[in-house]
Amino acid sequence: MFIDPIQLMQFGEGFQTTRVSSGTIKDVETLAGQTVFADVFRKAIDDVIATEDEYQKQKYLLATGQTDDPHAEPVAAAKAQLAVDLLVQLRNKALDAYSEIMRINL
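Here the structure is a predicted model, which is why all the values come from computation and not from measurement. (Residues numbered from 1 in each chain as written. Predicted model: local features only at pLDDT ≥ 70, side-chain atom pairs only at ≥ 80, totals over all residues. Heavy atoms only, no water.)

Some details on the overall build of the protein chain
What the protein chain contains, in helices and strands, is two helices and zero strands. Taken across its 106 residues, the protein chain has 15% of its residues classed as buried. Relative to all contacts within the protein chain whose residues are 6 or more apart in sequence, the contacts with residues 24 or more apart total 47%. With an accessible surface of roughly 8900 Å², the protein chain has 60% of that area assigned to carbon and sulfur atoms. (Helix = DSSP H or I, 4+ residues; strand = E, 2+ residues; numbered from the N terminus. Buried < 20%, exposed > 50% of the residue type's maximum accessible area, 1.4 Å probe, protein only. Contact = heavy atoms within 4.5 Å. Areas by Shrake-Rupley, 256 points an atom, 1.4 Å probe, with all protein chains shown as cover.)

Put into structure tokens, the structure is as follows:
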């Protein structure tokens, strides 16, 4: 088994691009950060939806006897639960970060 090394994530690579009306460097960096942040949550939500759909499909196939692999249903259930847990943890970390930012005295 080969584990890929962690790569440094660059803004704009693999994420949606955002048009900037004012064109200043600070605005571009802020919008790129917002786009990356939104894409992370959007991908997590899409993963939850996809894994839940797969789990429902596997439950149906197992209940109707149309599956050759009875282990697919528990695997799909575990994937769906992990996707939900990841989304909840992302939300918790975002709320913690927001709370920490609100405590900063300017």
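Considerations on helix 2 (residues 72–102)
Over its 31 residues, helix 2 runs 45 Å from end to end, which matches the ideal 45 Å to within 8%, given 1.5 Å per residue. For helix 2, the complete set of buried residues consists of Ala 72, Glu 73, Ala 76, Ala 80 and Ala 83. (Expected span 1.5 Å × (residues − 1).)

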